[in-house]
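# Examining the three-dimensional arrangement
Read off the chains here:
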Amino acid sequence: MNDIHIKQYEVGSSAGLLNGVEHSLLRRVYLHRGVKSETELDTSLAGLLPYGLLRGIDQAVNLLYEALNNRSHILVVGDFDADGATSSALTLRALRAFGAEHVDYLVPNRFEYGYGLTPEIVEVAEARKPDLLITVDNGISSLEGVALARTKGISVLVTDHHLPGAKLPNANAIVNPNVPGCRFPSKCLAGVGVIFYVMLALRSHLREQHWFERNAITPPNMAQFLDLVALGTVADVVPLDSNNRILVEQGLRRIRAGRCIYGILSLLSIGGRNYQNVVAGDLGFVVGPRLNAAGRLEDMSVGIECLLTNNENTALELTSRLDMLNRVRRDIESQMQTEALIALEGFSPQVDSKEDVYGLCLYDSNWHQGVIGILAARIRESYHRPVIVFADGVNGELKGSARSVQGVHIRDVLADVASSNPGLIAKFGGHAMAAGLSLSVENLAVFDEVFNKVLRQTVSKDLLTANLYSDGQLENDEMDLSTAILLRNAGPWGQGFPEPVFDGVFEVVQHRIVGERHLKLVLRADSGQREIDAIAFNFDQMEWSEDTNRFHIAYRLDVNEFRGQQCAQLVVQHLRPVCQHD
């Protein structure tokens, strides 16, 4: 597995900025993340980018207004992950709040129909006699499905955030910040963020048309949907640029105040989190996986219903089912990871020659299609290179889920593979860091070879080295609860805006294994006599050395809550022994 290099951030000419940030530690952290102006730290709703910059927004609003006015049957077609689930729930909740009388959803079962608005899904949707299909978190690559819907007389609104191909679907309207010609500055919106903007624009239009007065409807406050936006944005691991940070922070504030849907409150509770202290990481590591478990193992409609219900007891019942599915998912993932690591025994990630492996392709006929994305992420973390994990689909086809490393745009890599070898990949799509694809089983060996060839031609070896960036050392008097709370509240932290990590050399005063896999520590910094608790989750005991009690440790300073009491705790990200002569 890859050795991890702890590196310090570099701050250039912007070092004199952010003088308005009073705390010097926060100023340092923000500068390390490329913040150049204090306005980038403003998370008030007034700072949101205007919806008018989205290409196609006017056509989308007109299409939706016509559907509402004509009492049309509207069917939302979602995706089977947390972004798709939150997008679907938000669309239904908003349209119903606007007075829609006939609106429902359809989410494809990933094992029967695959991803997006496929022709097969259109056939299923037709049975419900929709006048308008709205895709959320999908559709930009559904050329055949959109075309079939149009020939059947069904209007189509595509809302998506995935990167488009060379050709766009022939929909009645498309809203996607990544389509050519779109002037919306933030290209990082999640699917739920895109549909939120569409609903925001629709509400404005409805007000202009005096729709709410004419129909005796109280205009909804769109902020009430931000809990769903925050959840979907964090769970989809899109970069938290300044616009996404506003959406996430405002959603978190509503959750902390208890002004959110029962489903989210219940999912937080079953995951052992206090909603009053929720942070972005809780949505990503507690709520998101439980919601995703439904789409991975069964049917995402269970998750969507959890996000749609206004009954607390129903939310609790659905949450219990999601939690059970997540436990099953973890067991399946653990077994698959064990098998993958056995298959990789003896593999060295060192890149020494042009023929070395730049990317990993793994396949086992017994692997679960719904869990391959998680497995790809786990292997990527261990070997720090692009990973694609395949599982059996239908009719001799393999489904692949890809995860990449920073600097390697995995969808572009797949596009290069497809363009240089027509017919090798049946279809593909995705983002810079994650993508999906399908190909025939007999093409796997050739694909592996071509995939690595493209990587060797386009990727610098430096990108295959695992670097952990540190914000430097913390002083002894900074390793306390007040600083931990300061850092926790300075986010939201996430993809592209990582939570602060610090490093230093510590003496291990005590250590023990808890919960079978976690290393509990009491540490003393070299620079002082103060002791502090620390924990390394899912610790690989091969990293431990009994030859020394001094370790170089990279860590997060966090708030540990136990039996109603709070204290500061270091969450270990990486450690290595410090030899006597170091």
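Small disclaimer: the values here were computed from a predicted structure and weren't measured.

Moving on, we get to the overall build of the protein. When helices and strands are counted, the protein shows 17 helices and 17 strands. Taking 25 Å as the expected radius of gyration for a compact globule of 582 residues, we find that the protein reaches 24 Å, a close match to that expectation. Judged by the C-alpha coordinates and their principal axes, the protein covers about 80 × 55 × 50 Å. By the burial criterion, 54% of the 582 residues in the protein qualify as buried.

The next point concerns the sheet that holds strand β16 (residues 550-562). Within a sheet, adjacent strands bond to each other through the backbone by hydrogen bonds, running parallel or antiparallel. The five strands lie next to each other as β13-β14-β15-β17-β16, forming a closed barrel whose pairing is mixed. Between one strand and the next, the sheet's axes are offset by a mean angle of 45°, whatever the strand orientation. Note: strand β14 (residues 518-525) against strand β15 (residues 531-536), six bridges, orientation antiparallel. Counted as the bridge partner of L519 is A536 from β15. Packing against the sheet, helix α17 (residues 481-488) makes contact with β13 (502-514), β16 and β17 (565-577), and its axis sits at approximately 80° to β16.

Following both chains from N to C, one finds helix α8 (residues 226-235) and helix α11 (residues 280-297) inclined at 85°, their axes separated by 9 Å at the closest point. Judged by the inter-axis angle, α8 sits roughly perpendicular to α11. In this structure, α8 contributes A230, L231, V234 and A235 to the contact, and α11 contributes A280, L283, G284, V287, G288 and L291. For the contact of α8 with α11, a count of residues per class yields eight nonpolar, two polar and no charged.

Moving on, we come to the side chain of T309. As for its placement among the helices and strands, T309 is situated in the loop between α12 (301-308) and α13 (312-343). There is a polar contact of 3.1 Å between the side chain of T309 and the backbone nitrogen of N311. When near neighbours in sequence (up to four residues on either side) are disregarded, T309 contacts R93, T314 and A315.

Let's shift gears to the pattern of salt bridges. Applying the stated rule across the entire model yields 19 salt bridges. Residue R71 pairs with E101 through a salt bridge whose shortest N-O separation is 3.2 Å. Here R71, found in the loop between α2 (57-69) and β2 (74-77), pairs with E101, found in the loop between α3 (82-97) and β3 (103-106); they are 30 residues apart in sequence, far enough to count as distant. Looking at R71, the relative accessible area reads 34%, which means it is partly exposed. A relative accessible area of 52% places E101 in the exposed class. A salt bridge links E561 to R488; its shortest N-O distance comes to 3.7 Å. You can see E561 sitting in strand β16 and its partner R488 sitting in helix α17, a full 73 residues away along the chain. A single network of salt bridges, built from pairs that share partners, joins E123, E126 and K152.

The strand order β3-β2-β4-β5-β6 describes an open sheet built from five strands, whose pairing is parallel. The outermost strands of the open sheet, each flanked by one partner alone, are β3 and β6 (173-175). Ignoring which end each strand starts from, the neighbouring axes of this sheet average 20° apart.

The biggest cluster of nonpolar side chains holds 158 residues, and the ones touching the most others in it are F98 and M199. Setting aside its immediate chain neighbours within four residues, F98 contacts L68, M199, L202, R203, L206, W211, F212, I217, P220 and M222. Residues I388, L398, A402 and V450 belong to the second largest nonpolar core, which totals 26 residues.

Our focus in this paragraph is the pairing of β2. Covered by surrounding structure in β2 are I74 and V76 together with L75 and V77, the residues of both alternating faces. Across four bridges, the pairing between β2 and β3 is parallel. Note that in β3 the partner of V76 across the bridge is Y105. The parallel pair β2 and β3, bridged by α3, forms a crossover whose chirality is right-handed.

Here we come to the packing of aromatic side chains. For the coordinates displayed, the defined rule picks out twelve aromatic pairs. With a centroid separation of 5.4 Å and 35° between ring planes, the pair formed by Y9 and Y469 is classed as tilted. Separated by 460 residues along the polypeptide, Y9 in the loop between β1 (4-8) and α1 (24-32) and Y469 in strand β12 (residues 466-470) bring together distant segments of the chain. Using a relative accessible area of 36% as the deciding quantity, one classes Y469 as partly exposed. Positioned above the aromatic ring of F497, the side-chain terminus of R245 is 3.9 Å from the ring centre.

All right, on to the layout of surface pockets then. Regions of empty space are outlined by a rolling probe, equal in size to a water molecule, passed over the atoms. In this model, the second largest pocket occupies a volume close to 160 Å³. Taken together, R55, G56, Q59, L168, A171, A173, I174 and V179 make up the full set of residues lining the second largest pocket. For the lining of the second largest pocket, the per-class residue count stands at five nonpolar, two polar and one charged.

This paragraph deals with empty space enclosed by the protein. Summed over all chains, the structure comprises three cavities of 30 Å³ or more. As a volume, the largest cavity reaches approximately 50 Å³. Along the walls of the largest cavity sit A484, L487, R488, E499, P500, R556, L557, D558 and V559, which together make up its complete lining. Of all the secondary-structure elements, those providing two or more residues to the lining of the largest cavity are α17 and β16. Per element, the largest residue contribution to the lining of the largest cavity is four residues, and it comes from β16. Its residues assigned to classes, the lining of the largest cavity shows five nonpolar, no polar and four charged. One number sums up the size of the second largest cavity: a volume of about 40 Å³. Lining the second largest cavity, in full, are N476, M479, A525, R530, E531 and I532.

Analysis parameters
- For every chain, the first residue of the written sequence is number 1, and numbering continues from 1 onward in sequence order.
- In keeping with the predicted nature of the model, local features appear solely for residues at pLDDT of at least 70, side-chain atom pairs appear and are counted solely at 80 or more, and the whole-chain, interface and lining totals rest on all residues.
- With hydrogens and water set aside, each side-chain value is computed from the structure's full complement of heavy atoms.
- Helix and strand assignments come from DSSP, with helices taken as H or I runs of at least 4 residues and strands as E runs of at least 2, each series counted from the N terminus.
- Here the radius of gyration uses the C-alpha set of atoms, whereas the globule reference equals 2.2 Å times the residue count to the power 0.38.
- The buried label applies to any residue whose accessible area, calculated with a 1.4 Å probe on protein chains only, is under 20% of its type's maximum; exposed applies above 50%, and partly exposed to all values in between.
- Here a strand pair is declared whenever DSSP counts at least two bridges between the two strands.
- Only the stretch in contact is used when fitting a helix axis, every axis being a line fitted to C-alpha atoms; angles between N-to-C directions are given from 0 to 180 degrees.
- Throughout, a residue-residue contact means that at least one pair of heavy atoms, one from each residue, lies within 4.5 Å.
- Note on angle classes: values under 35 degrees are labelled roughly parallel, values over 145 roughly antiparallel, values of 65 to 115 roughly perpendicular, and the remainder oblique.
- Residue polarity is assigned by list, with Asp, Glu, Lys and Arg as charged and Ala, Val, Leu, Ile, Met, Phe, Trp, Tyr, Cys and Pro as nonpolar; anything else, Gly included, falls into the polar class.
- Here a polar contact is recorded for every N or O atom pair within 3.5 Å, except that within protein the pair must consist of a potential hydrogen donor and a potential acceptor, and residues adjacent in sequence are included only if both atoms are side-chain atoms.
- When a carboxyl oxygen of Asp or Glu lies within 4 Å of a side-chain nitrogen of Lys or Arg, that pair is called a salt bridge.
- Residues belong to one nonpolar core when they are buried, are Ala, Val, Leu, Ile, Met, Phe, Trp, Tyr or Cys, and are joined through side-chain atoms within 4.5 Å.
- With the strands pointing away from the viewer, any crossover whose connection runs clockwise from the first strand over the helix to the second is right-handed.
- Here the aromatic set is Phe, Tyr and Trp, taking the six-membered ring for Trp, and pairing holds for ring centres within 6.5 Å; pairs whose planes are under 30 degrees apart are stacked, those over 60 apart are edge-to-face, and all others are tilted.
- Two conditions define a charge located above a ring, namely a distance within 6 Å from the ring centre to NZ of Lys or CZ of Arg, and an angle within 35 degrees of the ring normal.
- Cavities and pockets were defined on a 1 Å grid built over protein atoms only: a cavity is a set of grid points that admits a 1.4 Å probe from which the probe cannot escape, a pocket is an open set flanked by protein on both sides within 12 Å along at least five of seven lines, and lining residues are those with an atom within 4 Å of any such point.
- Grid points are joined across faces, edges and corners, and a volume is the space filled by probe spheres set on the points.

So yeah, pure geometry; function would need other evidence.
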